[in-house]
Each structure stands twice: as structure tokens, then as C-alpha cells.
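# Overview (structure and organization)
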Amino acid sequence: MAKLTVSLLYLVPVAIIASSWVQGRMTPAIRIGALMLLPICYLMHWHLLERMSGWPTDLQIPEQFELVAANVVEPNRTLNRDGSIYLWVRTRLGEPPRSFELEYSRDMHTKIVEAQRRLDQGIRQYGDISSGRESGDEGSPGEGGISLELRDLTERNLPVKTF
């Protein structure tokens, strides 16, 4: 549904302006107004595209998730580039994964590298995000005031079926 909305947001204003322009129904004031509103539609289009699946987002990461993959970009002072941590996570089984961008911190970097190593070994990783201050955690939260905990995802044993 979101892809259809984005497509219509892009195409409908162009079609309306083009048909009105060709038929000569627009006064010069309306033409100028339409031309000024068109970039706003395109900015809304771009904003919606950034929030679609697949693009890293800086939205709030879910509190509980399964880690699918991770990438750490370390800060580089010579290039004046801040570091970032990219997590590809799934909130529920069967749901498509979503990419999130977090601010870089050395502590989180260490946790992510260890979790990625365990993922490479075939051990599924489960994560919890919480604010270190709200949970009463004495440890220092990562950048942005969040605390990330990653652990092995243990398979649940179902009870024995009796017929």
C-alpha cells in the first residue's frame, strides 16, 4: 500500500498540472502556484521513500528483535565522518526485515561485532533495546541514551503431544 501511495503522490500532481496546462484552463497565477507546490509534493515523496523498507532509518528501533545482519562504520576524524551502526532486524517471524541506523559508540561496536561473529557461526541472535537510565541500569548507555543487549536465540521446546 505504501508503494502505491508514493507512486500516486508522485504522478497525480504531474498529471493534473500537465492536463490543465495543455487545455489552457490555468491562469498565470494558478500556474505559478502549482509550480511552487510541486516541489513540496516531491519532498513528501522523498520523505516517504526514505521510510520504506530497505532504506536505513533513524526511527526508533523496536525494543525486541531478531538480528539478521549488522554493519559497523567506524568514525574517521581525518575525513570528518561520524561513525554509524547499521542493524538489519526482524520483529516477528515471517515479517520482512528492516534496516535501522544507530549512532556509533565503542561499547555498541564491540557487542555488534561479537553478535555478527555468532551469526556467522549460525547462532541466531536476539536483541533488546532499552534506555539505560529508565531501566535502572548502572552501566553507561550507548550514544543516544539506549542500551543494547544481544544474546543467543534459544529455540523453545514444545510440549509433548498426547493423543
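Residues numbered from 1 in each chain as written. Predicted model: local features only at pLDDT ≥ 70, side-chain atom pairs only at ≥ 80, totals over all residues. Heavy atoms only, no water.

### Topic: the overall build of the protein
Counting its secondary structure elements, the protein contains three helices and five strands. Reading the secondary structure of the protein in the N-to-C direction produces α-α-β-β-β-α-β-β. With 163 residues in all, the protein has 26% of them scored as buried. In the form shown here, the protein has an accessible surface area of approximately 11,700 Å², with 58% of it arising from carbon and sulfur atoms. (Helix = DSSP H or I, 4+ residues; strand = E, 2+ residues; numbered from the N terminus. Buried < 20%, exposed > 50% of the residue type's maximum accessible area, 1.4 Å probe, protein only. Areas by Shrake-Rupley, 256 points an atom, 1.4 Å probe, with all protein chains shown as cover.)

### A few points about the environment of Asp82
Turning to its location among the elements, Asp82 is positioned in the loop between strand S1 (64–73) and strand S2 (84–90). C-alpha of Asp82 to C-alpha of Tyr104: the two residues are 22 residues apart in sequence and 7.6 Å apart in space. The residues touching Asp82, leaving out its near neighbours within four places in the chain, are Pro75 and Arg77. (Contact = heavy atoms within 4.5 Å.)

### Some details on unusual backbone geometry
A positive phi angle, near 55°, is found at Asn80, a position not held by glycine. If you trace the backbone, Asn80 turns up in the loop between S1 and S2. Looking at Asn80, the relative accessible area reads 71%, which means it is exposed.

### Thoughts on the pattern of salt bridges
Within the structure shown, the criterion is met by nine salt bridges. Between Arg124 and Glu66 there is a salt bridge whose closest N-O contact spans 3.0 Å. You can see Arg124 sitting in the loop between helix H3 (106–120) and strand S4 (125–131) and its partner Glu66 sitting in strand S1, a full 58 residues away along the chain. Measuring nitrogen to oxygen at the nearest pair gives 2.4 Å for the salt bridge that ties Arg151 to Asp128. Taken together, the residues Arg151 in strand S5 (residues 146–152) and Asp128 in strand S4 connect sequence positions 23 residues apart. It is possible to trace a salt-bridge network through shared partners that takes in Glu66, Arg90 and Arg124. (Salt bridge = Lys/Arg side-chain N within 4 Å of Asp/Glu carboxyl O.)

### Brief notes about the nonpolar core
One broad rule of soluble globular proteins: the nonpolar side chains tend to lie buried together. By size, the foremost hydrophobic cluster in this structure holds 17 residues, and its most contacted members are Ile61, Leu67 and Leu87. Those elements that provide at least two residues to this core are S1, S2, strand S3 (98–103), H3 and S5. The element best represented in this core is H3, accounting for four residues. What Leu67 contacts, discounting residues up to four positions off in sequence, is Leu87, Trp88, Val89, Ala115, Leu119, Gln125 and Leu150. (Core = buried A, V, L, I, M, F, W, Y, C linked by side-chain atoms within 4.5 Å.)

### Observations regarding H3
The end-to-end C-alpha separation of H3 is 21 Å, in line with the 21 Å expected for 15 residues at 1.5 Å each. Of the residues trailing H3, Gly122 is marked for its positive phi of about 90°. (Expected span 1.5 Å × (residues − 1).)

### Quick notes on the confidence of the model for the protein
The predicted model of the protein has a mean per-residue pLDDT of 78, with 81% of residues at 70 or higher. At the low end of the mean pLDDT range in the protein sits helix H1 (residues 2–23), at 73; at the high end sits H3, at 92. Here residues 133–143 scores under 50 on pLDDT; set against residues more than four positions off or in separate chains, the count is 12 contacts. (pLDDT = per-residue confidence, 0-100.)

### Some details on the environment of Ile112
Looking at the element boundaries, Ile112 is found in helix H3. Given a relative accessible area of 2%, Ile112 falls into the buried group. C-alpha of Ile112 to C-alpha of Leu150: the two residues are 38 residues apart in sequence and 8.1 Å apart in space. For Ile112, the residues in contact, after removing those within four places along its chain, are Ala70, Val72, Ile85, Leu87, Leu148 and Leu150.

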